[in-house]
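Observations on chain architecture
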Amino acid sequence: MRILVTGAAGSVGAKLVQQLAQSDDVDGIVALDCLPVSASHPKVVAFQQDIREPIADILREQGVDAVVHLAFLLRPGHNREAAHRVNVGGTAQVLHDCRVVGVQRFVYLSSTTVYGARPGTEQPYTEESPVRPVRGFQYAEDKVATELMLKAFAADNPGACVTVLRGCTVMVPRCENFITQVFSRMALVRIAGADPQMQFIHLDDLLEALELCLLKPVSGVFNVTGEGTVARSEIARVAGRHPVALPAPLLAFITQVTWMLRLQSDSPACGLAMARWPWVASNEKLARETGFRPRYTSLEALMNSALAANSN
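What counts, and where the lines are drawn
- Think of each chain on its own: its residues are numbered from 1, step by step along the sequence as written.
- With pLDDT at 70 or above as the cut-off, local features in this predicted model cover only qualifying residues; side-chain atom pairs require 80 or more to be listed or tallied, and sums for whole chains, interfaces and linings still use all residues.
- Side-chain metrics rest on all non-hydrogen atoms present in the structure, leaving aside hydrogens and water.
- Only the six-membered ring of Trp is used, alongside the rings of Phe and Tyr, when aromatic pairs are assigned; centres must lie within 6.5 Å, and planes under 30 degrees apart are stacked while those over 60 apart are edge-to-face, with the rest tilted.
- Labels follow the DSSP assignment, with helices taken as runs of H or I lasting at least four residues and strands as runs of E lasting at least two, numbered in each case from the N terminus.
- Per-residue accessibility, obtained with a 1.4 Å probe over protein chains only, is compared with the maximum for each type, and a residue is labelled buried under 20%, exposed over 50%, and partly exposed between these values.
- Throughout this description, the term charge over a ring refers to an Arg CZ or Lys NZ atom that lies within 6 Å of the ring centre and within 35 degrees of the ring normal.
- Under the convention used throughout, the expected extent of a helix is 1.5 Å for every residue step, that is, one less than its residue count.
- The reported arc concerns the directions from the helix axis to the C-beta atoms and nothing else.
- For two strands to pair, DSSP has to find at least two bridges joining them.
- A clockwise course of the path from the first strand over the helix to the second, judged with the strands pointing away from the viewer, identifies a crossover as right-handed.
- Two distance rules govern patches: like charges are joined within 9 Å, and nonpolar side chains (Val, Leu, Ile, Met, Phe, Trp, Tyr) within 5 Å, applied only to residues with over 30% relative accessible area and no salt bridge.
- With residues, only the protein chains shown are counted as cover, and all accessible areas are computed by Shrake-Rupley using a 1.4 Å probe.
- Definition used for salt bridges: Asp or Glu carboxyl oxygen within 4 Å of a side-chain nitrogen of Lys or Arg.
- In this charge count, Lys and Arg are treated as positive and Asp and Glu as negative; neither His nor the chain ends contribute.
- By convention, the point assigned to a charge is CZ for Arg, NZ for Lys, CD for Glu and CG for Asp.

A word on the packing of aromatic side chains. Taken as a whole and judged by the stated rule, the model has three aromatic pairs. Considering the side-chain rings of Phe-72 and Tyr-139, the 5.6 Å spacing of their centres and the 90° angle between planes classify their relative orientation as edge-to-face. Residue Phe-72 is found in the loop between strand E4 (66-69) and helix H3 (80-101), and its partner Tyr-139 is found in helix H4 (residues 138-156); the two are separated by 67 residues along the sequence. Summarising the burial analysis for this pair, Phe-72 and Tyr-139 share the class buried. Ring geometry for Phe-106 and Phe-153: centres 6.2 Å apart, planes at 50°, overall tilted. Of this pair, Phe-106 sits in strand E5 (residues 105-111) while Phe-153 sits in helix H4, and the two are 47 residues apart along the sequence. Residue classification places Phe-153 among the buried residues on the basis of a relative accessible area of 1%. If you follow Lys-143 out to its NZ or CZ, it ends over the ring of Phe-72, 3.7 Å from the centre. When the ring centre of Phe-222 is taken as reference, the NZ or CZ atom of Lys-285 above it lies at 4.7 Å.

Below, the discussion takes up helix H7 (residues 248-260). Between its terminal C-alpha atoms H7 stretches 18 Å, which fits the 18 Å expected from 13 residues at 1.5 Å a residue. Within H7, the full set of buried residues consists of Ala-248, Leu-251, Thr-255 and Trp-259. For H7, the arc enclosing every buried residue in end-on projection is 70°, short of the 170-degree limit, so these residues lie on one face. Exposed residues pointing more than 90 degrees away from the buried face of H7 are listed as Pro-249, Phe-253 and Met-260.

Another aspect to go through is the pairing of E5. A large share of E5 lies buried, amounting to six of its seven residues. Pairing analysis gives four bridges linking E4 to E5, with the strands arranged parallel. Bridged to Ala-66 within E5 is Arg-105. Sheet topology places E5 next to strand E6 (residues 161-167); seven bridges connect them, and they run parallel. Pairing of Val-107 across the sheet is with Thr-163, part of E6. You can see the chain leave E5, run along H4 and come back into E6, and the turn it takes is right-handed.

On the surface, a cluster of negative charge is contributed by Asp-24, Asp-25, Asp-27 and Asp-65. Of note, Asp-25 is situated in the loop between helix H1 (11-21) and strand E2 (28-33).

These results come straight from atomic positions and should not be treated as a statement about function.
Pasting the structure below:
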């Protein structure tokens, strides 16, 4: 098998390329990213290219059998249209070229944020739960848009095996996301009266799930999470920080104003929903259909990331 990995310079993509290169079932890996990609292993061929540019020639010339699509802007920032062009437009380009060349195996990393976070919803979410991302939270909205394209691709190509993995927050040492940044902050601001349960998955577990879906393909949508949950207040304790509690309306006002003034580029106020209410998902379908079980619990994944951050 020859596999193309988009987003191969990212924290997940780079590790996946390394792991696949060690597999006897993989003959070659095509690593694609707009940033430079290391191709130190003889199985790896690297291409530095924007995901929005055609890749049909690469797919054809490299004899690609399967694609893992990881290229996605985690933090869109203030240029929403530019992020949309990368996240949604880039995915459309990859799918178009896979259709042209005839690539029949496609694995996509989506997110459990597509379910949204709001009070009064029955959880844990399953793959049959309604997809209702928080309005204005672009990361989740773009994930929903790309999932719809993948659904159409699968319907138009009955012989294709399309796997969508909806992952929770991935704990990667020295990777910046809205959780791991906590470990480098002097204080953690939280919403007064809110202490939602959260899920995390260790990078090693996510890599195992991605490789499993490549080598033993299964079609459909699957949640992939660590076992158990962690209260948001526990994050501050693990990080050794002292959270400052603010009323939700005040924190929303501060967040929106700082966003509009471009004093922060993490998220507008709508993103606070992800810190106010839970969005817990079940991984039972993946376990049932593939036998996959994460080696790390959510708490263990969180603590391992904290230890790595503190060691630096």
